[in-house]
Every structure is written in C-alpha cells, then in structure tokens.
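Below are the chains, spelled out letter by letter.
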Amino acid sequence: MRMKRKQIAIMILRAAAIVLGILFLVIGILRGEPGEILFKAVKICLECIGIG
Amino acid sequence: MSGMHRDRVKATPLKKQNRIRLLIQLAAAAVLNGYAAGFMKGKIFTGKTKLFCVPVLNCYSCPGALGSCPIGALQAVASGTGRQISFYVLGILMLFGVLLGRFLCGFLCPFGLIQDLLHKIPGRKFKIPSGIDKTGRYLKYVILVLVFLLPAVLVDGFGLGTPFFCKYFCPAGTLEGGVFHVLVNGQLRSLVGGLFWLKAAILAIIIVGAILTERPFCRYFCPLGAFYGLFNRFSLYGIRMDESRCIRCGKCETVCPMDVKITKKINTAECIRCGKCRAVCEKEAISIRFMLKTKQEKEQL
C-alpha cells in the first residue's frame, strides 16, 4: 500500500514536471528568448572566458 | 581459481561498464563540440543551432560548441533588461531532468568527462572527510539559487545585470573557452587581467582537486548538477535496488565516484547514474529502471 502510494506520488511529480517543462518552453519561445540566447551565444562571451 | 585470477574475472563487468561510459562521454563531447573549424580558425560557431541549449555544462564560447550553455543562457536572459528568468531554458532543463536526471552528468557532460580523465592520472587519491563532504554538497544548491537570483537582482542603472557564475567562477568556461581564446587571439590576450587570473586559479584548484578526488566540481559547485539532482528521485531513467538480493557486501559503495550510500538509499540527488555499482554487484541487486519498471519486472509481466 505504502509502495503504491509512493509510486503514485512519483507519477504525479513526473507528470507535473513534464507539463510545467513544456509550458515553460512554450512561454519562453513566445517571449523570444531563443533569439536572445542566440544573440549572446554567437559572440565570444568575454565574461565566460574571464576577460569582461 | 587463484585469488588474483578471481579478482580479474570479477573486475571485467566494471571495466566493460567504464569503457562503454567513456566511449559515450567522448562521443557526446565530440558531438556537442563538433565545430572543428572553430579550433583551427580560432573563432566560435555562429549558426542557428545555438538557439538550442545543450543539457550539460558546455561553454558557448568554446570554439567547437554547436549549442548554448544552459547556465550561460539562463544568466544572459536574466541579466538583460525586462526579464527576470528564462522560461525557455528552465523548460528545457526540467524536461531533460525528468527524463534522465543526473545521467546527464555521468554520461553526457564534457566537464564531467574532463574530471574523470584527470582522476585517471596515477598518484595518491583522497576521500574528503565525510563531515566536510556532506556539508559541502549543499554549496551547489546555494550556487544554483545565486545563478537565478544575482543576474536578475543586482542590476546597474540601465537595468542590466551580470552573469555572475560565468564571470567570476565557471571553470568550464575558462577551460573550454578562455584558455583557448587567450592562447590564439593576441587581441584578447592583451585584455587579460586580474579577473582572468582569478578564474584561472579556480580552474587550477578544480583540476588539482579532480586529480586527487573524484568529481569535486560536480559534488560541490555545479549548479546544473544541483538542478538535475532535484529530479533524480523521480526521473524516468533511474536505478533500483532489490533489497531481497542485497547481501550488504558494500562493493557498490566502494566503487561509487560520488560516495552515495547505496545500500541505504540508492536514488539520491548525488547519484550520477554511472552504473559502476550495478557492474560490481554479483547478486544483481541493482538494476536500471525506466519509468517504474526494471528489466526483470518487465520480463515478469
């Protein structure tokens, strides 16, 4: 019984994480975040390499 | 059978597992950093694949990088004007986290691979005292919170923040991007100052640490490992211990690179799913599970 409850809890957590993950992904795309990331990623990031 | 020969026979599954994992790690590092021309020209890739975040710590300023680093991307969006958080990156990380958990650290992360290779350098190896180790592991969660908070909260007069983790700490960026660019680009070399040397010193400490002990960056500092660790207990890909088969010999705990107390709790946030425990278990008490089913359970069904 306890095992079954644990499994149900795990399945709920998974489903919630998947739904939220997809939701966040869609919101991010609609907000134009990939473009913002591309803009940053195609130039040498001076902060990342310890210069800026 | 002599004791020595018996040991050699027993070591075979572990060696096989290590070899397979190393091949996957090398392949992943090669695919994620597949822009070979970047290394020759001293430039970075500027194609559209950088719209996507890779699920591991791989600096987008690495000359070979074909995708974006999720931690860099999170901070880039948060440090810009108008947005406090990147839902896009968060969504990607959540989906990868729930699917694979820290399998990503164990099999796909190039910086994890670098630490594994460094640890193969022969010499004396150390275990961090358990008190320091246990407390130190919480540090990566603090760093994770700071990765989200600092770029969004500490902003200048124009509302622009700073990618603090990348700028002041990330040894992956220093190694994969910094060292290369500074060596090949004279213009960048002329800009090297205290900040670069600070990051180089952090990298040096991590390198020495990785030679002496297993995966110190993953254990104590990696915000991405901390994030995936939150999903490890319920990720679709996981491992399972069959208590009825376990004889408490402790071999699994001896080979575990993350010092997980496997016989007590196997699916902890620290497990990087390297599979060493499974390979050394003679009783086949440890198995891989996908969804809620192990291979044996599926066969029984």
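Residues numbered from 1 in each chain as written. Chains lettered and ligands numbered in written order. Predicted model: local features only at pLDDT ≥ 70, side-chain atom pairs only at ≥ 80, totals over all residues. Heavy atoms only, no water.

Enquirer: Help me out: how do you make sense of the overall build of chain B in this one?
Expert: For chain B, the helix and strand inventory stands at 17 helices and three strands. Expected size for 301 residues packed as a compact globule is a radius of gyration near 19 Å; at 21 Å, chain B falls within 12% of this value. C-alpha extents for chain B along the principal axes are approximately 70 × 40 × 40 Å. The buried share of chain B, taken over its 301 residues, is 53%. (Helix = DSSP H or I, 4+ residues; strand = E, 2+ residues; numbered from the N terminus. Rg over C-alpha atoms; globule rule 2.2 N^0.38 Å. Buried < 20%, exposed > 50% of the residue type's maximum accessible area, 1.4 Å probe, protein only.)

Enquirer: How should I be thinking about a nonpolar patch on the surface in this particular structure?
Expert: A contiguous nonpolar surface patch, about 350 Å² in accessible area, is contributed by Val145, Leu149, Val153 and Leu154 of chain B. Looking at where Val145 of chain B falls in the secondary structure, it is placed in helix α8 (residues 139-153). (Patch = residues over 30% accessible without salt bridge, like charges linked within 9 Å, V, L, I, M, F, W, Y side chains within 5 Å. Areas by Shrake-Rupley, 256 points an atom, 1.4 Å probe, with all protein chains shown as cover. Salt bridge = Lys/Arg side-chain N within 4 Å of Asp/Glu carboxyl O.)

Enquirer: How should I be thinking about the interface of chain B and chain A in this particular structure?
Expert: A common measure of how large an interface is: the accessible area buried when the components associate. Taken together, the contacts link 50 residues of chain B with 35 residues of chain A. Counting each side, the surface lost to burial between chain B and chain A is near 3600 Å², with a carbon and sulfur contribution of 74%. Taken together, the connections running from chain B to chain A amount to one salt bridge. There are 12 residue pairs in polar contact (both at pLDDT 80 or more) connecting chain B and chain A. Elements with a contribution of two residues or more to the side of chain B that touches chain A: α3 (70-79), α4 (87-100), α9 (164-169), α10 (171-184) and α12 (194-212) of chain B. (Contact = heavy atoms within 4.5 Å. Buried area = accessible area lost by both parts, 1.4 Å probe. Polar contact = N/O pair within 3.5 Å; in protein donor to acceptor, adjacent residues only side chain to side chain.)

Enquirer: Can you help me understand the state of the cysteines in this one?
Expert: By definition, a disulfide links two cysteine residues through a covalent bond between their sulfur atoms. Enumeration according to the criterion identifies one disulfide over all chains in this entry. Shown here is the disulfide that connects Cys45 of chain A with Cys48 of chain A, its sulfur atoms set 2.2 Å apart. Across the S-S bond linking Cys45 of chain A and Cys48 of chain A, the dihedral sits near 75 degrees, which makes this disulfide right-handed. Neither Cys45 of chain A nor Cys48 of chain A differs from the other in exposure class; each is buried. The structure places no disulfide on Cys252 of chain B, whose sulfur is separated from the nearest cysteine sulfur, that of Cys249 of chain B, by 6.1 Å. According to the relative accessible area criterion, Cys252 of chain B is buried, its value standing at 8%. (Disulfide = S-S within 2.5 Å.)

Enquirer: Which parts of the structure should I look at to understand the pairing of strand β1 (residues 237-241) of chain B?
Expert: As a general feature of sheets, a regular strand has side chains that alternate between the two faces. Residue and element names in this part refer to chain B. Summarising burial for β1: four of the five residues are buried, a large majority. Bridging between β1 and strand β2 (residues 286-290) involves five bridges; their strand directions are antiparallel. Among the inter-strand pairings, Met241 is bridged to a residue of β2, identified as Ile286. (Pairing = 2+ DSSP bridges.)

Enquirer: Please explain the domain arrangement of chain B as it appears in this structure.
Expert: All names here are of chain B. Domain parsing of chain B yields domain 1 (3-231) and domain 2 (238-300). Summarising the inter-unit geometry, the C-alpha centres of domain 1 and domain 2 are found 26 Å apart. Tallying the contact residues gives 21 residues for domain 1 and 18 residues for domain 2. It is Leu14, Arg102 and Arg137 in domain 1 that bury the most area against domain 2; as a group they hold 28% of the surface buried on that side. Linking domain 1 with domain 2 are six salt bridges. Salt-bridge contacts for Arg137 lead to Glu270; the nearest nitrogen and oxygen are separated by 3.0 Å. Here domain 1 is connected to domain 2 by eight residue pairs in polar contact (both at pLDDT 80 or more). Looking at the side of domain 1 that touches domain 2, the elements with two or more residues in it are α1 (3-32), α5 (103-108), α8 and α13 (216-220). Ranked by residues supplied to the side of domain 1 that touches domain 2, first place goes to α1 with six residues. (Domains from an automatic or database assignment.)

Enquirer: What am I meant to see in the packing of helix α2 (residues 33-41) of chain A against α4 of chain B here?
Expert: Between two packed helices, both the angle of their axes relative to each other and the distance between the axes serve to describe the pair. Between α2 of chain A and α4 of chain B, the least distance of the axes is 8 Å, while the angle of their chain directions is 95 degrees. With respect to α4 of chain B, the axis of α2 of chain A lies roughly perpendicular. Contacts between α2 of chain A and α4 of chain B involve Glu33, Pro34 and Ile37 of chain A from the former and Phe87, Tyr88 and Val89 of chain B from the latter. (Axes fitted to C-alpha atoms, helices over the stretch in contact; angles between N-to-C directions. Parallel < 35°, antiparallel > 145°, perpendicular 65-115°, else oblique.)

Enquirer: How do you make sense of the nonpolar core when you look at a structure like this?
Expert: Generally speaking, soluble globular proteins have nonpolar side chains that are buried together. Ranked by internal contacts, the top residues of the largest apolar core, which has 61 residues, are Leu57, Ile71, Val89, Phe227 and Ile262 of chain B. A per-element tally of this core places α4 of chain B first, with eight residues. Sequence-distant contacts of Val89 of chain B, that is, excluding residues within four places in its chain, are made with Glu33 and Ile37 of chain A together with Cys53, Pro70, Ala73 and Leu74 of chain B. (Core = buried A, V, L, I, M, F, W, Y, C linked by side-chain atoms within 4.5 Å.)

Enquirer: Is there a simple way to think about helix α6 (residues 110-119) of chain B in this case?
Expert: Each α-helix turn comprises 3.6 residues. Residues three or four places apart therefore point the same way. Most of α6 of chain B sits out of view: eight of its 10 residues are buried. Along α6 of chain B, the residues that are buried comprise Pro110, Phe111, Gly112, Leu113, Gln115, Asp116, Leu118 and His119 of chain B.

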